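# A closer look at the structure
The residues making up each chain are set out below.
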Amino acid sequence: MAAAAAVARAARTMDCDVVIVGCGVAGLYCALNLPAALSVVMLSKEEVDHCDSMLAQGGICVLHDAGDYESFFEDTLRAGHYENRLESVDLMIRASRPIIDDLIKRGVRFARRADGSLDYTREGAHSRPRIVYHEDVTGKEITEHLLACVRELPNARILEHTCMTDVIEGFDASGRRVCRGVVATAADGARLEITADATVMATGGVGGLYSHSTNFGCLTGDGCRIAAEHGVLLEHMDYVQIHPTTLWTSRPGRAFLISESARGEGAVLLDARGERFCDELQPRDVVSAAILAKMAEEGSEHVWLSFRDVPRATIEGHFTHILEHCLEEGYDIREEPIPVVPAQHYFMGGIHVDSDSETTLPHLFACGETCCNGVHGRNRLASNSLLESLVFAQRAADKIMRDRFAEDTAAQLAAAARERSRFIAGSRDVTDVALLTGAE
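Model, not experiment: these values are computed from the prediction.

Tallying secondary structure elements over the protein chain gives 13 helices and 16 strands in all. Looking at the protein chain residue by residue over its 440 residues, the buried ones come to 57%. Look at the contacts in the protein chain between residues 6 or more apart in sequence, and 69% of them connect residues 24 or more apart. With the model as given, the accessible surface of the protein chain reaches about 17,500 Å², and the carbon-plus-sulfur share is 52%.

A word on the sheet that holds strand E10 (residues 240-247). If you trace the 4 strands from one edge of the open sheet to the other, you get E10-E13-E12-E11, paired in antiparallel fashion. What marks the edges here is a single partner per strand, and that holds for E10 and strand E11 (268-270). Strand-to-strand twist in this sheet, taken as the mean axis angle between neighbours without regard to direction, amounts to 45°. Bridge count for strand E12 (residues 303-306) against strand E13 (residues 338-347) is 3 bridges, and the pairing is antiparallel. Paired with valine 303 across the two strands is valine 340, which belongs to E13. Sheet contacts for helix H8 (residues 284-298): E10, E11, E12 and E13; angle to E10, the most-contacted strand, approximately 60°.

This brings us to the pairing of strand E8 (residues 191-201). Note that strand E1 (residues 13-21) and E8 share 8 bridges and pair parallel. Pairing of valine 21 across the sheet is with methionine 201, part of E8. In the sheet, strand E7 (residues 177-185) pairs with E8 via 5 bridges, with the strands oriented antiparallel. Counterpart to alanine 184 in the pairing with E8 is leucine 192. The hairpin formed by E7 and E8 contains 5 residues between the paired strands, and glycine 189 there has a positive phi angle of roughly 90°. Of the pairings in the sheet, the one linking E8 to strand E15 (residues 364-366) comprises 3 bridges and is parallel in character. Note that in E15 the partner of threonine 199 across the bridge is leucine 364.

Once that is clear, we can look at the packing of aromatic side chains. With the rule as written, the count across this model stands at 2 aromatic pairs. Between tyrosine 69 and phenylalanine 73 the ring centres are 5.7 Å apart and the planes differ by 40°, which places this aromatic pair in the tilted class. With tyrosine 69 and phenylalanine 73 both in helix H3 (residues 69-79) and 4 residues apart, the pair spans about one turn of that helix. Of the two residues examined, tyrosine 69 and phenylalanine 73, each falls in the buried class. For the pair phenylalanine 307 and phenylalanine 319, a centre-to-centre distance of 6.2 Å together with 70° between the ring planes defines the contact as edge-to-face. Here the residue phenylalanine 307 occupies a position in the loop between E12 and helix H9 (312-318), and phenylalanine 319 occupies one in the loop between H9 and helix H10 (320-328), the gap between them amounting to 12 residues. Residue class for phenylalanine 307 comes out buried when judged on its relative accessible area of 3%. Residue classification places phenylalanine 319 among the buried residues on the basis of a relative accessible area of 0%. Between arginine 254 and the ring centre of phenylalanine 216, over which it is positioned, the NZ or CZ distance is 5.2 Å. Directly above the ring of tyrosine 346 sits arginine 380, whose terminal nitrogen or CZ lies 4.2 Å from the centroid.

Thresholds, definitions, all that
- Residues numbered from 1 in each chain as written.
- Predicted model: local features only at pLDDT ≥ 70, side-chain atom pairs only at ≥ 80, totals over all residues.
- Heavy atoms only, no water.
- Helix = DSSP H or I, 4+ residues; strand = E, 2+ residues; numbered from the N terminus.
- Buried < 20%, exposed > 50% of the residue type's maximum accessible area, 1.4 Å probe, protein only.
- Contact = heavy atoms within 4.5 Å.
- Areas by Shrake-Rupley, 256 points an atom, 1.4 Å probe, with all protein chains shown as cover.
- Pairing = 2+ DSSP bridges.
- Axes fitted to C-alpha atoms, helices over the stretch in contact; angles between N-to-C directions.
- Phe/Tyr/Trp six-rings, centres within 6.5 Å; stacked < 30°, edge-to-face > 60°.
- Lys NZ or Arg CZ within 6 Å of the ring centre and 35° of its normal.

Spelled out as structure tokens, the structure:
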């Protein structure tokens, strides 16, 4: 007993180079882009698979070709009501192809056409197909592969059931107030202090605060709350996205998402009379408003989504898991419409960060849904979430590296580029590396 107590006491403090709070795609990809010389500790509030990255169905956007830049940019701005930060949108789009190449090299299996080329699907508010996907569980496919890669890192450690409760402040050599790590509650209930040169919040969204949400219940805005307590700037905290189509049920619990790509492939919304009542490919907020207006007009609890115009092969091949879940609920989407209703889905606001994902408290970074880098504006374009998380997680890692190795920045950036080339051999040129790392 005494020995066990001594071990528990010893585990109450830890020291590392980088602590990352959250194990979704943002946290995982940040860890994977840090140099092996840095020790990394990652915290997961519950099990590592209880992150919203696992739930992303539709896919991940990518610049289809050079001629797609203007339309991709405009689609993102139009969905965001032109409140987007233009620099962030540009960075995301230009980095998208190297990111997809990297994911493929890490083993992610995107859908392919008969000739072996990537298949692309379309979702609401996209002017053309530019979304790559894996069936209807793209987020799970990406997250599981990234998690497997992180678990192979000799310099990274994952602590499950470890909940951040505060951040640690300190001062740098010039007397500037900086972040020096986090305080957490460990799996055994002990208080755990983790000191680190850099702290990354990738704590996800706010869906757990809503009675009807597609998010896991553990996502309760912890990063934003703690950041605010330390005077860190927050931005657009009222920008919450409602997804138009979740499977209606009278039972409580997390709402089951019906991917927007279903409407991109031809599914249509019907009212109680079985009549189509809106353009399903408008931005999510527009479609959600149309559904809620129709429900109010009818006095109904839901509307209907029909797959009648979607080929059976597409339903069974692309929407496999949606089909299976609906069958479990007593609906066969191949033969009948399903009841759908809007629900809270995504958070476009959060902790304000710059283009390198750093907050207003030096050495504290934020990426993924918990931050606001301005990509999404007031309303997120479908399938931009995974891409935005990956791009700006990588930029956070690059900035952490530059800060840590300030005396030899160029050499470290070159080393990181070489390390990445193991996964994306030949997919980036010097311009690409400069863009993604901020190097001149």
